[in-house]
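So the chains spell out like this:
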Amino acid sequence: MRRKQSQRFCVLMLLLCLSVGEEMVNADSDPQPNFVLMMVDDLGIGDIGCYGNDTIRTPNIDRLAQEGVKLTQHIAAAPLCTPSRAAFLTGRYALRSGMASTGRVQVLLWTGCAGGLPSNETTFAKILQEQGYTTGIVGKWHLGMNCESRNDYCHHPNHHGFDYFYGLPFTLFNDCKPGEGTDVLADVQEKMRHVFQLLALAVLTLVCVQLTGLSPVRWRVIALLAVLYALGFGLWYFPFGLLQTWNCILMRNQEVVEQPMNLETVGERLVNEAESFIKRNHERPFLLFLSFAHVHIPLSPSKDFAGKSKHGLYGDSVEEMDWMIGRIVNLVENLELSRKTLMYFTSDHGGHIEDRDARGQKGGWNGIYRGGKGMGGWEGGIRVPGIFRWPGKLPAGRVIDEPTSLMDVYPTLAGLARGELPKDRILDGRDLMPLLEGKVQRSEHEFMFHYCGAYLNAVRWHPQNSKDVFKVHLLTPNFSPKGAIGCYDTKICHCHLGFVTHHDPPLIFNLSEDPSESMPLSPTGDPRFPEILRRVREAIEKHRETLTHVPHQMSWRNILWRPWLQPCCGTFPFCSCVEKHN
């Protein structure tokens, strides 16, 4: 009897081991998911239907939210393009990689500058590349190109883990569309224009007086002054007067394919390239980062969408962008990739509320949230849409009102791809999968730090065992003119001294009760005030202990134009080419 029992026990244990082994094999053999990341430029959280807009039509984005998980407290690491995108790709605050400015200029201004995402930073694309993924970015980069020569491409996407790049190495600016004015140091350009007009008048006056014989100045001196004037004028005009040629270009990998680019067809070409990338790589794991040029100014919706929305060119552009997203989603479904593809939708930061002209508002709407693009720690500039869709893996229709960050995408992708996170640096992002799947109910972020450039503007605190979320504003931008809700005099808010107000005591808002940040807690009347301030100050001290000195990528020396770094098709400075496309 005992012998039979022993035999049965051995058989059961053998079957159990085989079963467990089979499960482990199946777990290890689960195919790596594909990733389609879609980031819109300057989109306000209030511009799309699933976040409360009922006048702009966004059915495809709304569908992603219905079939996936919607984050309502998704936060950009910065209120402007370059630092926000650097943080997104690296999972680290931009200050850690030197991509945060201490001056008025918070973003890269030329493709021909030396600053950019350092080569020693490890992007999520590089981690996935090491795990066998084919990686591609289609659209906007805006994180630098070259360091020392026109062809070193030290900041280029191909050197940061992307096998394929097609799109804008820079960004859209008004200079890309004739008649829209300029965005690059417009006030400096205006002053220089006046200076050179006066100098030209002075030189001409000297010439006229000399011709009358009344001037004691020799012709040789006048000629020297004229040469100096011409050199000075060239140093000003050459980089600024030809901005469309230098910045508004398209590249395929490391080749400039159009200079300047045809703005009217850019959107269509980007989505075509995104579709082609998915089709080429649908039989193997891939990462596609579709970084839209929409809805950054200048706005140029195609003929099929122009005049179709209730909100002018901006509404037209949002609806066209939504249609483009629909194309990508439909392609993923037609290729039967939905159940093995994680799709993500977001914006790099909030809408630009000061951007308007005689035709009306050109920037986005940030819903109930105060402020917008460039405005430090105000919610309107950093709270962005966040939608994850993965049928069969993530619950449909789930809404999460916990603090999350664009930086969280980094460890989330690395974990799903079974990649190893860098151990030689601090990461500020957190893996979102347990929260997205519903395995946990709270975000791992107790504190989040809101920077504008290199300056800490505000701190978010989500106390443990509490549903409250507090925000402490250390400093805020000075709105202008007086009484406005934006920086209309300068068109965008600045972060440095003279343009901000330091608060002592700081302003504290309970975002759970007051998401529009309209009623600060009373320093004397609210018993929670001292404790909140104490905890946040302790968190700031610990956070600053983790910061180390790194090369400053956003210094004036690194962001100003250098002709020997300028990407060019043709022979510099005669850069001109047109891409052939269907």
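This section reports on the structure supplied with the text. (Residues numbered from 1 in each chain as written. Predicted model: local features only at pLDDT ≥ 70, side-chain atom pairs only at ≥ 80, totals over all residues. Heavy atoms only, no water.)

## Thoughts on the pairing of strand β11 (residues 383–389)
- Counting buried positions along β11 yields seven of seven residues, so the element is predominantly enclosed.
- With five bridges connecting them, strand β2 (residues 69–75) and β11 associate as antiparallel partners. Note on β11: the bridge partner recorded for Val69 is Phe388.
- The pairing of strand β8 (residues 341–347) with β11 spans four bridges and is antiparallel. Paired with Met343 across the two strands is Arg389, which belongs to β11. (Buried < 20%, exposed > 50% of the residue type's maximum accessible area, 1.4 Å probe, protein only. Helix = DSSP H or I, 4+ residues; strand = E, 2+ residues; numbered from the N terminus. Pairing = 2+ DSSP bridges.)

## Observations regarding the packing of aromatic side chains
- The tally for this structure, following the rule as stated, stands at 24 aromatic pairs.
- A ring pair is formed by Phe35 and Tyr133, whose centres lie 5.7 Å apart and whose planes are at 20°; its orientation type is stacked. Residue Phe35 is found in strand β1 (residues 34–40), and its partner Tyr133 is found in the loop between α4 (124–130) and β3 (134–140); the two are separated by 98 residues along the sequence.
- We classify Phe35 as buried; its relative accessible area is 0%.
- Take Tyr133: its relative accessible area is 3%, and that puts it in the buried class.
- Put simply, the rings of Phe88, Phe124, Phe289, Tyr344, Phe388 and Tyr410 pair up and form one aromatic cluster.
- A cation over a ring is seen here: Arg280 above Tyr164, with NZ or CZ 4.9 Å from the ring centre.
- Above the plane of the ring of Trp390 lies Lys393, whose end atom (NZ or CZ) is 5.8 Å from the centre. (Phe/Tyr/Trp six-rings, centres within 6.5 Å; stacked < 30°, edge-to-face > 60°. Lys NZ or Arg CZ within 6 Å of the ring centre and 35° of its normal.)

## Thoughts on the sheet that holds strand β16 (residues 470–477)
- Strand order in this open sheet of four strands is β14-β15-β16-β17, and the pairing throughout is antiparallel. The strands lining the two open edges of the sheet, one partner per strand, are β14 (447–452) and β17 (500–510). The mean inter-strand angle of the sheet, taken between neighbouring strand axes irrespective of direction, is 20°.
- Bridging between β16 and β17 involves seven bridges; their strand directions are antiparallel. Across the sheet, Pro477 pairs through a bridge with Val500, a residue of β17. (Axes fitted to C-alpha atoms, helices over the stretch in contact; angles between N-to-C directions.)

## Some points on the state of the cysteines
- In total, this model carries six disulfides according to the counting rule given.
- At a sulfur-sulfur separation of 1.8 Å, the disulfide partner of Cys452 is Cys495. Taken together, the residues span a long stretch of sequence, with Cys452 in strand β14 and Cys495 in the loop between β16 and β17 at a distance of 43 residues.
- By relative accessible area, Cys452 is classed as buried at 2%.
- Judged by its relative accessible area of 3%, Cys495 falls in the buried class.
- Sulfur-sulfur distance for the disulfide between Cys569 and Cys577 comes to 2.1 Å. Here the disulfide of Cys569 and Cys577 is left-handed, its torsion about the S-S bond being about -95°.
- When its relative accessible area of 18% is taken as the criterion, Cys577 is described as buried. (Disulfide = S-S within 2.5 Å.)

## What to know about the pairing of strand β6 (residues 255–258)
- Summarising the sheet, strand β5 (residues 250–252) and β6 pair through three bridges and their orientation is antiparallel. Paired with Leu250 across the two strands is Glu258, which belongs to β6.

## A few points about the packing of helix α5 (residues 186–212) against helix α6 (residues 219–241)
- Running from N to C, α5 and α6 point in directions that differ by 160°, and their axes come no closer than 11 Å. On the basis of the axis angle, α5 is roughly antiparallel to α6. Relative to α6, α5 is oriented so that their crossing is left-handed. Contact with α5, carried on its side by Gln189, Met192, Arg193, Phe196, Leu199, Ala200, Val203, Leu206, Val207, Gln210 and Leu211, involves Trp219, Ile222, Leu225, Ala226, Tyr229, Gly232, Phe233, Trp236 and Phe240 of α6 and no other residues of that element.
- Looking at side-chain class alone, the contact of α5 with α6 contains 16 nonpolar, three polar and one charged residues. (Parallel < 35°, antiparallel > 145°, perpendicular 65-115°, else oblique. Left-handed = near helix turned anticlockwise from the far one by under 90°. Contact = heavy atoms within 4.5 Å. Nonpolar A, V, L, I, M, F, W, Y, C, P; charged D, E, K, R; others polar.)

## A closer look at α5
- For α5, with 27 residues, the first-to-last C-alpha span of 39 Å sits near the 39 Å given by 1.5 Å per residue.
- Backbone geometry just downstream of α5 places Gly213 in the positive-phi region, at approximately 80°. (Expected span 1.5 Å × (residues − 1).)

## With respect to the pattern of salt bridges
- The tally for this structure, following the rule as stated, stands at 35 salt bridges.
- The shortest N-O distance in the salt bridge between Lys423 and Glu420 comes to 3.3 Å.
- With relative accessibility at 56%, the residue Glu420 sits in the exposed group.
- In this structure, the salt-bridge partner of Glu446 is Arg535, at a minimum N-O distance of 3.3 Å. Taken together, the positions of Glu446 in the loop between α12 (433–437) and β14 and Arg535 in helix α13 (residues 529–545) put the pair 89 residues apart, joining distant regions of the chain.
- In this structure Arg535 comes out as partly exposed when scored by relative accessible area, which is 25%.
- In this structure, a network of salt bridges that share partners links the residues Glu180, Asp183, Asp355, Lys362 and Lys491. (Salt bridge = Lys/Arg side-chain N within 4 Å of Asp/Glu carboxyl O.)

These figures come from the coordinates and say nothing about function on their own.
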